[in-house]
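# Structural overview
Read off the chains here:
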Number of protein chains: 2
Amino acid sequence: MPAAPDTDIDARIRAIGDDRIHGASELARECLRIAADCAQQETAASTQELLDGLRRRGAQLAVTRPSMAAPHNLVRAWLDRLPGFAVLELPAARAAAATAAQAMIERSHGALDALATHASNLVANAQTIITHSLSSTVVEVLARLRTSSVHIIVTESRPLCEGRQLARRLSEWGMAATLITDAALGLYAAKAELALVGADSLLVDGSLVNKIGTYPLALAARDCGIPFYVCCETFKQRTPDMPPLVLEEMDIAELGAPDLPGVKVSNVYFDITPARLISAWANEHGVVGRDIA
Amino acid sequence: MPAAPDTDIDARIRAIGDDRIHGASELARECLRIAADCAQQETAASTQELLDGLRRRGAQLAVTRPSMAAPHNLVRAWLDRLPGFAVLELPAARAAAATAAQAMIERSHGALDALATHASNLVANAQTIITHSLSSTVVEVLARLRTSSVHIIVTESRPLCEGRQLARRLSEWGMAATLITDAALGLYAAKAELALVGADSLLVDGSLVNKIGTYPLALAARDCGIPFYVCCETFKQRTPDMPPLVLEEMDIAELGAPDLPGVKVSNVYFDITPARLISAWANEHGVVGRDIA
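Residues numbered from 1 in each chain as written. Chains lettered and ligands numbered in written order. Predicted model: local features only at pLDDT ≥ 70, side-chain atom pairs only at ≥ 80, totals over all residues. Heavy atoms only, no water.

## Let's talk about the relation of the copies chain A and chain B
Once chain A is rotated about the relating axis by 180° and shifted along it by 0.0 Å, it coincides with chain B to within an RMSD of 0.0 Å. Those values place the two copies in the arrangement expected of a two-fold rotation axis. Closest approach to the rotation axis within chain A is made by the C-alpha atom of Pro216 of chain A, at a distance of 2.9 Å. Comparing interface residues between copies, 100% of those in chain A also sit at the interface in chain B, which points to an isologous, same-surface contact. (Least-squares fit on C-alpha atoms with pLDDT ≥ 70 in both. Contact = heavy atoms within 4.5 Å.)

Below, the structure is given as structure tokens:
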């Protein structure tokens, strides 16, 4: 067991909370990797003590990102497995809990793979697609279009401009792309045949929580008469038992704005797109939506 | 006469074309200041030679900013005065042409003053106003609200973030403001009672050409059920005789994006907001619009 494992685990949990770059699926999988490591490292003299410790860690992990349902749902699904390991000896319980976390990670990868197939079929005929921010799910969908001649319009996605990372990925794949400011999403929606985004969460009413700027893109898509598609796994759906949604606000220093008396700088990372603006939703089971092209 | 006056004038005309910060009204007035200086400095042996030279300068000035109608209209109005000076001696013709340009500048200031009165009356009861970019016209309207308790939501307005200048001005006036990213205009439109923007041009059909991001703001205003007001002088209206509208694209280095094979960086500065999204238009004569609050 490494020295002071808790400090390492605590630091990794804090890093998830502070992360500005990775999407909800990736962070959810990192939560499960931490859960697996806790299963192996948590100080415990008995199976019961281990499971109590893992429940505390799970509760911590489930609330790391209040704008994202995926860490909550995948960690909850893992926690639900723990009582079944109470009959095992301590080493076997450790192994079972770690294996269960690993299985959740694999389930997540499998869901991503299935949804990427459905979503890429949905958008396969488009010549020009507009997207916003950097979604690992959208990346997976676009990876399937690598050999096509599709042109991708990418917003820079302030404040950290992670859209540039998506542009870099597309460039490495030899795909054509146009990088625009977030303010230009209205002008450029008119040049695209469809809009495609990932999700940080889906709300109970079908609304979408995603990187701020998604809502204006959905409005522009509707106004320009192009479909607005969301691709995300079902475990990104919030359930009524979850703690209230918080639209996370990050460090205002990221905006690089001057400090002015009476001027509040706001750096909210997420906005909410009403379900009525979503044309269809691709998930691991297929495509659902009322106006599928 | 200063040495090489043409070089100075040419540099000032180029500066108008390169300007990324000032709005259409300010640039139109700078065009007229240049016209007045040309009247005094243009090399000419006769009144006819002077007027021919000024017509050439006027034609140059009128097309400095293809996204903006104001320089074109004000310079055209000045050019229309020139034939009347053909009967004057050269020194008197110089003085008359310079005075005419000065009069156009004063007319512009007078129009701004009148429209600021109309627009500030229109928005006087709002507790929270959202605006986009830096419009000298909007600044003039907000100046009239200095003693009110209104809260202004200001977008940073990439790429040069001139929204910060507006925030600074509001701070100096002791007004409360919130500075947000352009992507946040959807989330924040819902927190405002109305949206107020200036104009680079109004098209013949009543559509609005303004800093890119204005169109998504108008969409968000409509979706959130708040009015979207435009304030601009009538000389910002394009007429059918003008050269075709060009949505100017500026130096892509302003985005600070990496240079990637196959990735085009776009830095278009303007977008078009359809007339159907404009609730009312405040100009120097009053407020026109179909759903005035």
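## Focus on the sheet that holds strand E9 (residues 270-273) of chain A
All names here are of chain A. Spatially, E5-E6-E9 is the arrangement adopted by the three strands of the open sheet, whose pairing is antiparallel. Both edges of this open sheet fall to strand E5 (201-202) and E9, since each of them pairs with a single strand only. Sheet topology note: the strand E6 (residues 208-211)/E9 ladder contains four bridges and is antiparallel. Paired with Val209 across the bridge in E9 is Ile272. (Pairing = 2+ DSSP bridges. Helix = DSSP H or I, 4+ residues; strand = E, 2+ residues; numbered from the N terminus.)

## Remarks on the pattern of salt bridges
A complete count under the given rule lists 28 salt bridges over all chains for this structure. Between Glu30 of chain A and Arg12 of chain A there is a salt bridge; the shortest N-O distance is 3.5 Å. Here the residue Glu30 of chain A occupies a position in helix H2 (residues 24-41), and Arg12 of chain A occupies one in helix H1 (residues 5-18), the gap between them amounting to 18 residues. Between Asp223 of chain A and Arg276 of chain B there is a salt bridge; the shortest N-O distance is 2.8 Å. (Salt bridge = Lys/Arg side-chain N within 4 Å of Asp/Glu carboxyl O.)

## Notes on the environment of Phe228 of chain A
Mapped onto the fold, Phe228 of chain A is located in strand E7 (residues 228-231). Distance from Phe228 of chain A to Ile278 of chain A, taken between C-alpha atoms, is 5.5 Å for residues 50 residues apart in sequence.

## Focus on the packing of aromatic side chains
Counted according to the given criterion, the structure contains two aromatic pairs over all chains. Over the ring of Tyr269 of chain B we find Arg20 of chain B; its NZ or CZ atom is 5.9 Å from the centre of that ring. (Phe/Tyr/Trp six-rings, centres within 6.5 Å; stacked < 30°, edge-to-face > 60°. Lys NZ or Arg CZ within 6 Å of the ring centre and 35° of its normal.)

## Some words on the pairing of strand E7 (residues 228-231) of chain B
Each regular strand carries side chains that alternate between the two faces of the sheet. Residues and elements named next belong to chain B. Where burial is concerned, the two faces of E7 agree: the one with Phe228 and Val230 and the one with Tyr229 and Cys231 are both buried. Of the pairings in the sheet, the one linking strand E4 (residues 194-197) to E7 comprises three bridges and is parallel in character. Residue pairing across strands places Leu196 opposite Tyr229, the latter belonging to E7. For E7 and strand E10 (residues 280-283), the ladder comprises three bridges, and the chain directions are parallel. Across the sheet, the residue bridging to Val230 is Trp281, located in E10. (Buried < 20%, exposed > 50% of the residue type's maximum accessible area, 1.4 Å probe, protein only.)

## Considering the sheet that holds strand E8 (residues 263-265) of chain A
Ordered in space as E8(A)-E3(B)-E2(B)-E1(B)-E4(B)-E7(B)-E10(B)-E11(B), the eight strands form an open sheet in which the pairing is mixed. Pairing within the sheet leaves two strands with one partner each, and these edge strands are E8 of chain A together with strand E11 (286-288) of chain B. Here the average twist between neighbouring strands, direction ignored, is 25°. In this fold helix H7 (residues 163-172) of chain B packs onto E8 of chain A together with strand E1 (128-131), strand E2 (151-155) and strand E3 (176-180) of chain B, with an angle of close to 160° to the strand it touches most, E2 of chain B. (Axes fitted to C-alpha atoms, helices over the stretch in contact; angles between N-to-C directions.)

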